[in-house]
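Now for the letters of each chain:
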Amino acid sequence: IHVRGKGPKPFQLVITHGWPGSVAEFVEIIGPLTDPAAHGGDATDAFDVVCPSMPGYGFSDHPREPGMDPERIAALWAELMQGLGYARFGAQGGDWGSMVSTYLGFRHSAQVAGIHLNMVIAFPPDAANPADGLTQEELIPLMEAQQFFKEETGYQQIQGTKPQTLSYALNDSPAGLAAWIVEKFRTWSDCGGRPENAF
């Protein structure tokens, strides 16, 4: 998706989705970003919005060769934005898109004015003593996160270690694929246990 902003000087922005998402997630935000005046905002805050579909996701074909990781996708986005005539732009991403956006800022800083992430990953300075220097209050959310990772990341293990086996099963069963994805939307949203309350 590529929509030019309606304003005196729209700033260029590339937005990257994650898994199990697609560019369809961004349909409702494109209007306010490209035409803020029509949505109660200031026309000077307009963006030119570019929402590419990551290779192998949603509306794009599978990668033609191995190694299509977030760093490589970031290089593709930098090339895409340059091809669209954008010498300098911002990047936003969530989930895998946050990793792509991080690499955009890290490897393509001459082009990227800044990044915005809605999933930030950080590691402790000392991996051998990850809780070193933390207060009791700071440890509580980390313990909650650890519980979440224990109970809610099984999909990562199979997708990361046996993706071909899983892909045959999911491609063979549309109901299985829907269940695999809808379960994530149910778990990751404030839907009260009913995805249709949020989506």
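Residues numbered from 1 in each chain as written. Predicted model: local features only at pLDDT ≥ 70, side-chain atom pairs only at ≥ 80, totals over all residues. Heavy atoms only, no water.

> Any chance you could explain the overall build of the protein here in plain terms?
On a plain count of helices and strands, the protein comes out with 7 helices and 5 strands. Each helix and strand of the protein, ordered N terminal to C terminal, gives the series β-β-α-β-α-β-α-β-α-α-α-α. Here the C-alpha coordinates of the protein stretch approximately 50 × 50 × 40 Å along the principal axes. Taking all 199 residues of the protein together, 29% fall into the buried category. In the protein, the share of contacts with a sequence separation of at least 24, taken over all contacts with a separation of at least 6, comes to 65%. Of the roughly 12700 Å² of accessible surface on the protein, a fraction of 57% belongs to carbon and sulfur atoms. If the 12 positive side-chain charges of the protein are averaged to one point and the 23 negative ones to another, these points end up 7 Å apart. (Helix = DSSP H or I, 4+ residues; strand = E, 2+ residues; numbered from the N terminus. Buried < 20%, exposed > 50% of the residue type's maximum accessible area, 1.4 Å probe, protein only. Contact = heavy atoms within 4.5 Å. Areas by Shrake-Rupley, 256 points an atom, 1.4 Å probe, with all protein chains shown as cover. Lys, Arg positive; Asp, Glu negative; His and termini not counted. Charge placed at Lys NZ, Arg CZ, Asp CG, Glu CD.)

> Explain the packing of helix α2 (residues 70-83) against helix α3 (residues 96-107) here, please?
The description of two helices packed together rests on the angle between their axes and the distance between the axes. Where α2 meets α3, the closest approach of the two axes is 8 Å, and the angle between their N-to-C directions is 65°. The chirality of how α2 crosses α3 is right-handed. Facing Pro-70, Glu-71, Ile-73, Ala-74, Trp-77 and Ala-78 of α2, the residues of α3 in contact are Trp-96, Met-99, Val-100, Tyr-103, Leu-104 and Arg-107. Of the residues assigned to the contact of α2 with α3, the class counts are 10 nonpolar, no polar and 2 charged. (Axes fitted to C-alpha atoms, helices over the stretch in contact; angles between N-to-C directions. Left-handed = near helix turned anticlockwise from the far one by under 90°. Nonpolar A, V, L, I, M, F, W, Y, C, P; charged D, E, K, R; others polar.)

> So what exactly am I meant to see when it comes to the environment of Gln-159 here?
Along the polypeptide, Gln-159 turns up in helix α5 (residues 154-161). Every residue in contact with Gln-159, bar those within four places of it in the chain, is listed here: Trp-19, Leu-166 and Trp-180. At 2.9 Å, the side chain of Gln-159 forms a polar contact with the side chain of Trp-180. (Polar contact = N/O pair within 3.5 Å; in protein donor to acceptor, adjacent residues only side chain to side chain.)

> Is there a simple way to think about the nonpolar core in this case?
Most often, soluble globular proteins keep nonpolar side chains buried together rather than apart. Grouped together as the largest cluster of nonpolar side chains are 17 residues, with contacts concentrated most on Val-14, Met-54, Trp-77, Met-81, Phe-89, Val-100 and Leu-104. For this core, the leading source of residues is α2, giving 5 residues. Not counting residues up to four positions away in its chain, the partners in contact with Met-54 are Thr-16, His-17, Ser-60, Ile-73, Trp-77, Trp-96 and Val-100. In terms of nonpolar packing, the next biggest core, distinct from the first, is built from 7 residues, Ile-15, Val-23, Phe-26 and Ile-30 among them. (Core = buried A, V, L, I, M, F, W, Y, C linked by side-chain atoms within 4.5 Å.)

> Help me out: how do you make sense of the pattern of salt bridges in this one?
Any two side chains of opposite charge can pair, given that their charged atoms come close. Evaluated as defined, the whole model comprises 6 salt bridges. Of the charged contacts, one joins Arg-4 and Asp-48 as a salt bridge, the two residues approaching to 3.7 Å between their closest N and O atoms. Of the two residues, Arg-4 sits in the loop between β1 (2-3) and β2 (11-16) while Asp-48 sits in strand β3 (residues 47-50), which places them 44 residues apart along the sequence. For Arg-4, a relative accessible area of 49% translates into the label partly exposed. (Salt bridge = Lys/Arg side-chain N within 4 Å of Asp/Glu carboxyl O.)

> What's the story with the side chain of Ser-189 in this structure? I'm lost.
Structurally, Ser-189 is set in the segment after α7 (174-188). When residues no more than four places from it in sequence are discounted, the contact partners of Ser-189 are Ala-198 and Phe-199.

> Help me out: how do you make sense of the pairing of strand β5 (residues 112-117) in this one?
The side chains of a regular strand alternate between both faces of the sheet. Sheet topology places strand β4 (residues 89-93) next to β5; 5 bridges connect them, and they run parallel. Within β5, the residue paired with Gln-92 across the bridge is His-116. Regarding the hand of the β-α-β motif, the stretch spanning β4, α3 and β5 is right-handed. (Pairing = 2+ DSSP bridges. Right-handed = clockwise from strand over helix to strand, strands pointing away.)

> I tried to follow the pairing of β4 on my own but got confused; where do I start?
Most of β4 sits inside the fold, with 5 of its 5 residues counted as buried. Every second residue of β4 is oriented toward a common face, with Phe-89, Ala-91 and Gly-93 on one face and Gly-90 and Gln-92 on the other, all of them buried.

Treat this as a map of the structure, not an account of what it does.
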